[in-house]
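A closer look at the structure
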Amino acid sequence: TLELTVRASPTGPGGDMQWCFSQVKGAIDDDVAEADIISTVEFNHTGELLATGDKGGRVVIFQQEIENKSQPQFRSEYNVYSTFQSHEPEFDYLKSLEIEEKINKIRWLPQKNAAQFLLSTNDKTIKLWKISERDKRPEGYNLKEEDGRYKDPNTITSLRVPVLIPMDLMVEASPRRVFANAHTYHINSISVNSDNETYLSADDLRINLWHLEITDRSFNIVDIKPANMEELTEVITAAEFHPHQCNTFVYSSSKGTIRLCDMRASALCDKHSKLFEEPEDPSNRSFFSEIISSISDVKFSHNGRYMMTRDYLSVKIWDLNMENRPVETYQVHEYLRSKLCSLYENDCIFDKFECCWNGNDSVVMTGSYNNFFRMFDRGHRRDVTLEASRENSKPMQVLKPRKVCAGGKRKKDEISVDSLDFNKKILHTAWHPQDNIIAVATTNNLYIFQDKVN
Amino acid sequence: MSGDNEDTQTADETTLDEKAPEVQDKVISPEKAEEAKLKARYPNLGNKPGGSDLLRKRLQKGQKYFDSGDYNMAKAKIKNKQLPTAAPEKTEITGDHIPTPQDLPQRKPSLVASKLAG
């Protein structure tokens with residue numbers, strides 16, 4: 001693989017991108033209730049809406065209010081648009097299994113009419129939510145009073161036509177479909193197909209294909225459950241449909257492999273069309289090798305020619321035409337390699353970081369510890385480490401690049417590996433589909449940053 | 001590398017078992033050093049970490065072992081005495097311990113709105 005040595009650039013990736021604080025959502029207090037832990041962040045296809053899901057099963061949707069776009073330094077603010085309880089805790093009495101209400105993933109459907117639709121999922125059940133606006137209400141019913149009470153029909157002497165009068169905007173969320181009982185194991189991914197009719201849901205061992213209109217059946221398209229569970233060696237960690245080819249999807253595994261499948265080949269896609277795997281030097285193998293090679297996220301590029309995977313220490317870019325190695329590898333926090341023992345003991349080694357592409361696939365982003373997040377500019381071969389913190393939250397304050405000192409002499413402004421706060425993890429980040437606006441989730445806060453010259 | 005292969009090895013191949021122990025220390029990668037640390041702390045750790053045990057623990061997430069039949073029968077037998085209480089590590093309890101309703105955390109839906117919307 002081409003191991004790119006990137007030079008840290010003080011001006012950020014691309015040289016001309018300067019990230020500034022825009023907004024932060026959430027409580028300031030350090031005492032975080034478990035329900036407030038953010039578990040997913042997703043922009044819709046236009047970037048106008050930004051959805052978050054949390055451990056308490058709630059979804060909050062923010063809408064971009066565009067202030068004066070003609071101004072050279074216009075600021076677009078995201079304000080609360082809608083919030084609702086998507087999932088509730090359940091108990092499966094038959095299996096003695098507690099089902100968390102935590103929202104694992106949210107995926108938006110492309111907009112077809114006035115309403116917005118999104119899919120949200122917990123470990124077992126996927127729901128299709130319709131978010132619609134109401135800005136008019138009817139007035140002047142013949143049989144009802146304004147407060148809803150029915151009139152005495154004998155008092156009605158004339159007929160009138162009710163009229164629609166404007167009212168304050170009300171945003172309503174209603175569950176339109178509930179896709180349940182199709183997953184024995186825990187759902188880790190959902191992905192809407194480019195055909196806008198179907199979507200896939202993946203759990204640890206199986207992937208199912210659904211039609212958005214049909215809730216009482218789904219097709220199983222991948223099943224890696226062994227006949228004897230003692231022989232289990234790997235699980236599915238993430239899955240995604242190709243952005244343009246509706247017959248193609250990929251799924252990643254806990255062993256660091258990615259399989260590309262073609263649904264035209266057969267009904268059950270157990271045989272992959274392509275297997276992406278980087279050969280490993282067997283002499284380098286250690287107790288930790290498999291754990292840190294487990295892929296926590298896989299994302300196709302917008303142009304559909306590449307895919308990105310995130311494992312514990314790195315981000316890899318794969319060319320779909322080359323299976324034997326990634327074309328680019330970026331080290332997220334290589335200094336953690338000499339801390340793997342403690343990271344295994346405190347379970348941090350199992351943290352599942354996500355990754356994302358910018359709109360034109362030139363920059364990729366992922367999170368790290370200490371509320372740091374990293375951006376890699378593929379074209380300019382530059383990377384930067386930034387921090388999401390309340391201390392750097394003055395309006396339009398430019399974010400200063402951070403540097404971690406792996407060992408030896410620590411320079412001023414650098415932070416040593418041992419001082420990193422491993423409880424402050426940035427697992428979820430999202431990039432606006434067109435503009436340089438990013439949403440970064442810390443444990444319970446959502447930060448929105450913008451490029452100064454947007 | 002077994003002894004059988006030694007005569008077929010080329011001069012280019014490194015044979016770790018031929019190096020002196022002091023030189024070998026310098027060649028150990030940080031990852032292997034961490035592995036040695038872990039094995040020193042947990043000598044009984046299995047050799048296949050990515051295998052069945054770890055994966056099965058992952059698949060069992062959410063499993064709770066409360067059987068009302070067991071619980072009531074145990075209560076009837078023991079009568080006035082206390083039931084054995086749960087160990088602090090409550091994740092995978094089976095066998096001797098009989099969970100009580102108090103062991104299982106209350107699961108109530110969030111009635112409060114998200115603070116992100118505040």
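Every value quoted in this text rests on a predicted model; they were computed, and no experiment measured them.

Our focus in this paragraph is the side chain of Lys127(A). All names here are of chain A. Inspection of the secondary structure assignment puts Lys127 in strand 11 (residues 126–139). No salt bridge is formed by the buried Lys127; the nearest opposite charge belongs to Glu90, separated by 6.3 Å. From its side chain, Lys127 meets the backbone oxygen of Ser86 in a polar contact 2.8 Å long. What Lys127 contacts, discounting residues up to four positions off in sequence, is Ser86, His87, Leu118, Leu119, Ser120, Arg177 and Val178.

Residues and elements named next belong to chain A. Within the structure shown, the criterion is met by 2 cavities of 30 Å³ or more. What the largest cavity holds in volume is close to 60 Å³. Around the largest cavity, the lining residues are Lys105, Arg107, Ser189, Ile190, Ala238, Ala239, Glu240, Asp297, Val298 and Lys299. Of all the secondary-structure elements, those providing two or more residues to the lining of the largest cavity are strand 9 (105–108), strand 13 (189–192), strand 17 (236–241) and strand 21 (297–300).

Now for the sheet that holds strand 18 (residues 248–253) of chain A. Residue and element names in this part refer to chain A. The 4 strands are arranged 17-18-19-20 in an open sheet whose pairing can be described as antiparallel. Pairing within the sheet leaves two strands with one partner each, and these edge strands are strand 17 and strand 20 (274–276). In this sheet, neighbouring strand axes are inclined to one another by 20 degrees on average, regardless of whether the strands run parallel or antiparallel. Strand direction decides the pairing type here: strand 18 and strand 19 (residues 258–262), joined by 5 bridges, are antiparallel. Counterpart to Phe249 in the pairing with strand 19 is Cys261.

With that settled, the discussion passes to the nonpolar core. Residues and elements named next belong to chain A. Ranked by internal contacts, the top residues of the largest apolar core, which has 24 residues, are Tyr312, Leu336, Leu343, Ile349 and Leu420. Of all the secondary-structure elements, those providing two or more residues to this core are helix 1 (289–293) and helix 2 (340–345). If you tally residues by element for this core, the top one is helix 2, at 4 residues. If sequence neighbours within four positions are ignored, Ile349 has contacts with Phe288, Ile291, Ile292, Tyr312, Leu340, Leu343 and Tyr344. Of all hydrophobic cores here, the second largest spans 18 residues; its members include Phe21, Met375, Ala388 and Ile438.

Next up on the list: the pattern of salt bridges. A full pass over the atoms with the stated rule returns 36 salt bridges over all chains. Its salt-bridge partner being Lys115(B), residue Asp36(A) comes within 3.1 Å of it at the nearest N-O pair. With Asp36(A) in the loop between strand 2 (19–25) and strand 3 (38–43) and Lys115(B) in the segment after helix 4 (68–78), this pair bridges two chains. Judged by its relative accessible area of 10%, Asp36(A) falls in the buried class. By relative accessible area, Lys115(B) is classed as partly exposed at 38%. Lys411(A) serves as the salt-bridge partner of Glu414(A), at 3.9 Å between the closest nitrogen and oxygen. Among the residues examined, Glu414(A) registers a relative accessible area of 11% and is labelled buried.

Reading the values: the criteria
Residues numbered from 1 in each chain as written. Chains lettered and ligands numbered in written order. Predicted model: local features only at pLDDT ≥ 70, side-chain atom pairs only at ≥ 80, totals over all residues. Heavy atoms only, no water. Helix = DSSP H or I, 4+ residues; strand = E, 2+ residues; numbered from the N terminus. Buried < 20%, exposed > 50% of the residue type's maximum accessible area, 1.4 Å probe, protein only. Lys, Arg positive; Asp, Glu negative; His and termini not counted. Salt bridge = Lys/Arg side-chain N within 4 Å of Asp/Glu carboxyl O. Polar contact = N/O pair within 3.5 Å; in protein donor to acceptor, adjacent residues only side chain to side chain. Contact = heavy atoms within 4.5 Å. 1 Å grid on protein atoms, 1.4 Å probe; cavity = no way out; pocket = protein on both sides within 12 Å on 5 of 7 lines; lining within 4 Å. Points joined across faces, edges and corners; volume = space filled by probe spheres on them. Pairing = 2+ DSSP bridges. Axes fitted to C-alpha atoms, helices over the stretch in contact; angles between N-to-C directions. Core = buried A, V, L, I, M, F, W, Y, C linked by side-chain atoms within 4.5 Å.

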